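Chain by chain, the residues run as shown.
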Amino acid sequence: MRALLVIDVQNDFCPGGALAVPGGDLVVPVINRLVSSFDHVILTQDWHPEGHQSFASSHEGKKPMDTVEMPYGEQVLWPDHCVQGSVGAAFHPDLLTETAELIIRKGFRPEIDSYSAFYENDQETSTGLRGYLRDRGITSLVLAGLAEDFCVHWSAVDGRKEGFDVAVVEDATRAIDSDGSKAAARDRMAEAGVTFVSAAEVVSGASV
Ligand code: VGL
Ligand code: ZN
């Protein structure tokens, strides 16, 4: 059984948003076609409290894209984004959300960031997604959304670690791509056994 996992298609990751991914809004019509062809859809939502430790503004003298050492390792610092309940944290208004069976919110602990839909950045704190998928009998995941080199990347790799088949829909994702992060993420996903497919292939049933 397969599910579509739509990562962080929120206003702040789209043009005009606080952490805009280039072309981020262009994934919406492509994802909507996928949503219409899946029996099971799961959405994730980046969901930070004000003053979250992944925000550069929470660290004296730091600016976005600087890094800091957290107890769990190096953390990239971001502009304030996806603050709980804000317009920026809302899903893109055109995204089809009605048929979603689960919305996973992540990054709500003030001290830990969470890129992956499965585990927070300490690689230990679970979001509960793995248990949900197991209980539902879902074995295969098709991933789309934002950003390819951060939340999609880590969700895909963790999905493989947990034994799911994982395909990323190339034309339904966009990357932040700072410092070669897009190519590095593609390499790490491929190494983990993630496959790359097109939305047309998924909709036509030619893949997964
Ligand atoms: C993301 C950076 C910070 C993402 C979330 O959704 O890829 N990136 N928070
Ligand atoms: Zn975030």
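Scroll up for the structure.
Here the structure is a predicted model, which is why all the values come from computation and not from measurement. (Residues numbered from 1 in each chain as written. Chains lettered and ligands numbered in written order. Predicted model: local features only at pLDDT ≥ 70, side-chain atom pairs only at ≥ 80, totals over all residues. Heavy atoms only, no water.)

### Here we look at the pairing of strand β2 (residues 41-46)
Spelled out, the test is: Working definition: with a 1.4 Å probe on protein chains only, accessible area under 20% of the residue-type maximum means buried, over 50% means exposed, and in between means partly exposed. The way it works is that DSSP assigns letters per residue, a run of H or I at least four long becomes a helix, a run of E at least two long becomes a strand, and they are numbered from the N terminus. Note on pairing: DSSP must find at least two bridges between two strands before they are called paired.
Burial within β2 is extensive, with six of its six residues counted as buried. In β2, alternate side chains face the same way, and those of Val41, Leu43 and Gln45 on one face and Ile42, Thr44 and Asp46 on the other are all buried. Sheet topology places strand β1 (residues 2-7) next to β2; four bridges connect them, and they run parallel. Following the sheet pairing, leucine 4 is matched in β2 by valine 41.

### Re the site of ligand 1
Rules: We call a residue near a molecule or strand as soon as one heavy atom of that residue lies within 4 Å of the molecule or strand. Within 3.5 Å is the distance limit for a polar contact, defined as a pair of N or O atoms, with the added protein rule that one can donate a hydrogen and the other accept it, and that residues adjacent in sequence qualify only through two side-chain atoms. The Shrake-Rupley method, run with a 1.4 Å probe, gives the accessible areas here. Residue values count only the displayed protein chains as cover. We place a 1 Å grid over just the protein atoms. Points where a 1.4 Å probe fits but has no way out form a cavity, open points with protein on both sides within 12 Å along at least 5 of 7 lines form a pocket, and any residue with an atom within 4 Å of a point lines it. Put plainly, a molecule is in a cavity or pocket when over half of its atoms are within 2 Å of the grid points there. The nonpolar class holds Ala, Val, Leu, Ile, Met, Phe, Trp, Tyr, Cys and Pro. Asp, Glu, Lys and Arg form the charged class, and all remaining residues, Gly among them, are polar.
All residues adjacent to ligand 1 are Asp8, Phe13, Leu19, Asp46, Trp78, His81, Tyr115, Leu146, Ala147, Phe150 and Cys151. Aspartate 8 places a side-chain nitrogen or oxygen 2.6 Å from an oxygen atom of ligand 1. Protein contact buries 100% of the 250 Å² of open area that ligand 1 shows by itself. In this structure, ligand 1 is accommodated by the largest cavity. Considering only residue class, the shell around ligand 1 consists of eight nonpolar, one polar and two charged.

### Details of the environment of glycine 24
What counts here: Contacts were defined at the residue level, with two residues in contact if any of their heavy atoms lie within 4.5 Å.
Relative to the helices and strands, glycine 24 is located in the loop between β1 and α1 (27-37). Between the C-alpha atoms of glycine 24 and arginine 174, which are 150 residues apart in sequence, the distance is 5.9 Å. Beyond its immediate sequence surroundings of up to four residues, glycine 24 is in contact with Phe13, Cys14, Pro15, Leu146 and Arg174.

### Remarks on helix α4 (residues 181-191)
Stated formally: Arc, as used here, means the arc of the directions from the helix axis to the C-beta atoms.
Within the sequence span of α4, burial applies to Ser181, Ala185 and Met189. Taken around the axis of α4, the buried residues stretch over an arc of 65°, which confines them to a single face. With respect to the buried face of α4, the exposed residues turned more than 90 degrees away are Asp187 and Glu191. Looking at the buried side of α4, the elements it contacts are α3 (148-161), β7 (165-174) and β8 (195-197). At the exit of α4 stands glycine 193, carrying a positive phi of roughly 90°.

### Regarding the coordination of the zinc ion (ligand 2)
Operational definition: Note that water is not among the atoms considered, so a metal site may appear incomplete; the donors listed are N, O and S atoms within 2.8 Å of the metal, with 3.2 Å applied to Na, K and Ca. All geometry calls rest on donor angles, where a four-donor set with angles between 85 and 135 degrees is tetrahedral, four- and six-donor sets with opposite donors more than 155 degrees apart and all others between 65 and 115 are square planar and octahedral, and all else is irregular.
Surrounding the zinc ion (ligand 2) are the protein donor atoms Asp46 (OD), His48 (NE2) and His81 (NE2), at 2.0 to 2.2 Å. One can describe the site at the zinc ion (ligand 2) as irregular: its four donor atoms subtend angles covering 89 to 169° at the metal. In primary-sequence terms, the residues that donate to the zinc ion (ligand 2) follow D-x1-H-x32-H. Overall, aspartate 46 belongs to the buried group, its relative accessible area being 3%. Using a relative accessible area of 0% as the deciding quantity, one classes histidine 48 as buried.

### Re the pairing of β1
Of all six residues in β1, five are buried; the element is thus mostly enclosed. Here six bridges tie β1 to strand β6 (residues 140-146), and the two strands are oriented parallel to one another. Paired with isoleucine 7 across the bridge in β6 is glycine 145.

### Some details on the nonpolar core
The line we're drawing: Within this scheme, the nonpolar core is defined by two criteria: the residues are buried Ala, Val, Leu, Ile, Met, Phe, Trp, Tyr or Cys, and they are joined through side-chain atoms within 4.5 Å.
Grouped together as the largest cluster of nonpolar side chains are 60 residues, with contacts concentrated most on Ile31, Leu129 and Leu141. Per element, the largest residue contribution to this core is six residues, and it comes from α1.

### Digging into the layout of surface pockets
Convention followed: Grid points are joined across faces, edges and corners, and a volume is the space filled by probe spheres set on the points.
Its volume calculated, the largest pocket comes out at about 390 Å³. Elements that contribute at least two residues to the lining of the largest pocket include exactly β4 (73-76), α3 and α4. The class makeup of the residues in the lining of the largest pocket is six nonpolar, six polar and four charged.

### Re the packing of α3 against α4
Angle between the axes and distance between the axes are the two parameters that describe a pair of packed helices. The condition that has to hold: Under this scheme, a helix contributes an axis fitted over its contacting stretch, all axes are lines through C-alpha atoms, and angles between N-to-C directions fall in the 0 to 180 degree range. Working definition: roughly parallel below 35 degrees, roughly antiparallel above 145 degrees, roughly perpendicular at 65 to 115 degrees, and oblique for all remaining angles.
Contact geometry of α3 with α4 gives a least axis separation of 10 Å together with a crossing angle of 10°. By the angle between their directions, the pair α3 and α4 is classed as roughly parallel. Here Glu148, Asp149, Phe150, His153, Ala156 and Val157 of α3 lie close against α4, whose contacting residues are Ser181, Lys182, Ala185, Arg186, Arg188 and Met189. Here the contact of α3 with α4 is built from residues that sort into five nonpolar, two polar and five charged.

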